[in-house]
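One-letter residues, chain by chain:
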Amino acid sequence: MAKDWELDKNMGKDADLIEEKVSSEDVFDGNLLHVKKDTVRLPNGNIAYREWIKHPGASAVVPVTPEGRLIFVRQYRYPIQQVTLEIPAGKLDAEGEDPLDCARRELSEETGYQAEKYTFLTKLATTVGFSNEFIYIYAAEGLTAGRQHPDEDEFINVCTLTMDEAMAKIRSGEICDAKSVTAVLLLRDLQDLQDLQGR
């Protein structure tokens, strides 16, 4: 995984691609999303407009039971008008919040579980074409069950799947949420590596 400084170093190679912000306009300011319209100068000097969504960022966690089952949540997602099968996740509540603290909170709220061990899997840019959202994804082990306590406007059912079941649902499209697909694939690779190394 590339470090931030490596990404910064490589930006010099792509200086001919960078767009310069000339001005910025607030289009909509909501509780979660802030829609912006920026005027930018393109690398060739022409002016263009970029509409994008400012997002506080989020964390997600794929919990693994002692039996090796993965914990998912089922919830209705209004924008796509369907019930989805996802890993627990939620937005960072405050600027500068530690993503791991957010992951712990969301695991507890959405499933009731606490975890002894968290492993960072990746930092995922969810929709680079129109949002600055990054989501930090973790695996959680050493689980202790507790009471689910979602937010007042959240209605969530908890279920578990084996890794093979989760992979089958990814292939069939039943698991179509990008962060959940990414988390399961990375966790499977991590587990395969640990098995090769004898844990």
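Refer to the structure above for everything that follows.
Residues numbered from 1 in each chain as written. Predicted model: local features only at pLDDT ≥ 70, side-chain atom pairs only at ≥ 80, totals over all residues. Heavy atoms only, no water.

### With respect to the overall build of the protein chain
- Regarding its fold elements, the protein chain presents four helices and ten strands.
- Secondary structure elements of the protein chain occur, N-terminal to C-terminal, as α-β-β-β-β-β-β-β-α-β-β-β-α-α.
- By residue count, 37% of the 199 residues in the protein chain fall in the buried class.
- Contacts in the protein chain between residues at least 24 apart in sequence constitute 55% of all its contacts with a sequence separation of at least 6.
- Entry remark: accessible area of the protein chain is about 12300 Å², with carbon and sulfur atoms responsible for 51%.
- Across the protein chain, 23 positive and 36 negative side-chain charges occur, with their mean positions spaced 3 Å apart. (Helix = DSSP H or I, 4+ residues; strand = E, 2+ residues; numbered from the N terminus. Buried < 20%, exposed > 50% of the residue type's maximum accessible area, 1.4 Å probe, protein only. Contact = heavy atoms within 4.5 Å. Areas by Shrake-Rupley, 256 points an atom, 1.4 Å probe, with all protein chains shown as cover. Lys, Arg positive; Asp, Glu negative; His and termini not counted. Charge placed at Lys NZ, Arg CZ, Asp CG, Glu CD.)

### Some thoughts on the packing of aromatic side chains
- This structure, assessed with the given rule, holds one aromatic pair.
- Seen from their ring centres, Phe-120 and Tyr-138 are 5.6 Å apart, and the 70° between their planes marks the pair as edge-to-face. Residue Phe-120 is found in strand E8 (residues 114–125), and its partner Tyr-138 is found in strand E9 (residues 134–144); the two are separated by 18 residues along the sequence.
- Accessibility expressed as a relative area gives 35% for Phe-120, which makes it partly exposed.
- Cation over ring: Lys-37 sits above Tyr-49, and NZ or CZ is 5.2 Å from the ring centre.
- We note Lys-123 situated over the ring of Phe-134; from NZ or CZ to the ring centre the distance is 4.4 Å. (Phe/Tyr/Trp six-rings, centres within 6.5 Å; stacked < 30°, edge-to-face > 60°. Lys NZ or Arg CZ within 6 Å of the ring centre and 35° of its normal.)

### Some details on the pairing of strand E6 (residues 82–86)
- Here strand E5 (residues 70–77) runs beside E6; their pairing, made up of five bridges, is antiparallel. Residue pairing for E6: Tyr-76 is matched across the bridge by Val-83.
- With antiparallel pairing between neighbouring strands as the criterion, E5 and E6 make up a hairpin whose turn holds four residues, including Gln-81 at a positive phi of roughly 55°. (Pairing = 2+ DSSP bridges.)

Note that all results are geometric; they support no functional claim without further evidence.
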